Amino acid sequence: MDALDRLAEPGLDLLDRVDTLLAGGAPEGHRLWPLLRRMQVLPGDAVRGFLDLHPAPLTGAGHAVRGLVRAYDEVCRTLTDPAAWSGPAASAYDQARAALLRHLDEGPESLVGRLEATAGYADALADWVEGSRLALARALADVLGSAEAVRVRAATAGDTGPGAAGLLAAADIAHRVLAVLGVAYDGAETLLRQWSPSLAETTWRGSTVGGPYHGSPLRVR
């Protein structure tokens, strides 16, 4: 459980009140409007969606992918070991073996290169989630202790209506929370742009070469 998890219950209680006050719209000309138009969500719903994001599954995915890299490395060691290949036909397969090695583990477009990029992307996403959750927790802590929170609670405690002060306070809180989430989403989009070239599907880069066999045995130890 991190700071965001600990603040989730009181934070969502406040933000649900904010959402209720803003259901009919924010004050005219308030700086919240551009964020509402961009994100198309009120802060309570936005935070609820973000609470489901945790770094641990992404970190675990990165570790799992690196385990696959080790398996590929073992295959490559077998292919590059001259003592493992013998027999009169062995030289006929050298070109095909070299092409397979290039495809498996030579440069960022190889299978190993793509696996390493995938693991790196998972790690970068895990760092993004952790940092974004911390920033959101700080924003919630700030608004929970603010004067605006007092006015929002007062405006939603009775049947007297929100009033201008309550509506303005709700808009101010919503802006502070959605601004943090907007920065987080920008970070996610930046990561995707940065990593996309390294995550593209790899294709076979070697030619399919069949060496003369002539009935000679190829032995792989």
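Residues numbered from 1 in each chain as written. Predicted model: local features only at pLDDT ≥ 70, side-chain atom pairs only at ≥ 80, totals over all residues. Heavy atoms only, no water.

Colleague: Account for the confidence of the model for the protein, with residues named and values stated.
Modeller: Averaged over the protein, the pLDDT score is 85; the fraction of residues at 70 or greater is 85%. Strand 2 (residues 219–220) is the least confidently modelled element of the protein, averaging 40 in pLDDT, while helix 1 (residues 3–22) averages 95, the highest of any element. Low confidence marks residues 209–221, where pLDDT is under 50. Its contacts with residues over four positions away, or in another chain, come to 27 contacts. (pLDDT = per-residue confidence, 0-100. Helix = DSSP H or I, 4+ residues; strand = E, 2+ residues; numbered from the N terminus. Contact = heavy atoms within 4.5 Å.)

Colleague: Can you lay out unusual backbone geometry for me, pointing to particular residues and giving the numbers?
Modeller: Even without being glycine, Q40 reaches a positive phi, approximately 55°. With respect to the helices and strands, the residue Q40 is situated in the loop between helix 2 (32–39) and helix 3 (43–51).

Colleague: Lay out the nonpolar core with the relevant residues and their values.
Modeller: L32, I173 and L181 are the most contacted members of the largest nonpolar core, which totals 40 residues. Elements represented by at least two residues in this core include exactly helix 1, helix 2, helix 3, helix 6 (111–144), helix 7 (147–155) and helix 8 (163–199). (Core = buried A, V, L, I, M, F, W, Y, C linked by side-chain atoms within 4.5 Å. Buried < 20%, exposed > 50% of the residue type's maximum accessible area, 1.4 Å probe, protein only.)

Colleague: Explain the environment of V65 to me, using residue names and the numbers behind them.
Modeller: Following the sequence through the fold, V65 ends up in helix 4 (residues 55–80). Distance from V65 to T118, taken between C-alpha atoms, is 7.4 Å for residues 53 residues apart in sequence. Setting aside residues up to four positions removed in sequence, V65 forms contacts with L115, T118 and A119.

Colleague: Which residues make up the packing of helix 3 against helix 8, and what are the values?
Modeller: Direction vectors running N to C along helix 3 and helix 8 enclose 40°, while the axes themselves pass 10 Å from each other. Accordingly, the angle class assigned to the pair helix 3 and helix 8 is oblique. Note that helix 3 runs across helix 8; the crossing there is left-handed. For the pair helix 3 and helix 8, the contacting residues are P43, A46, V47 and F50 in the first and A174, V177, L178, L181, A184 and Y185 in the second. Partitioning the contact of helix 3 with helix 8 into residue classes produces ten nonpolar, no polar and no charged. (Axes fitted to C-alpha atoms, helices over the stretch in contact; angles between N-to-C directions. Parallel < 35°, antiparallel > 145°, perpendicular 65-115°, else oblique. Left-handed = near helix turned anticlockwise from the far one by under 90°. Nonpolar A, V, L, I, M, F, W, Y, C, P; charged D, E, K, R; others polar.)

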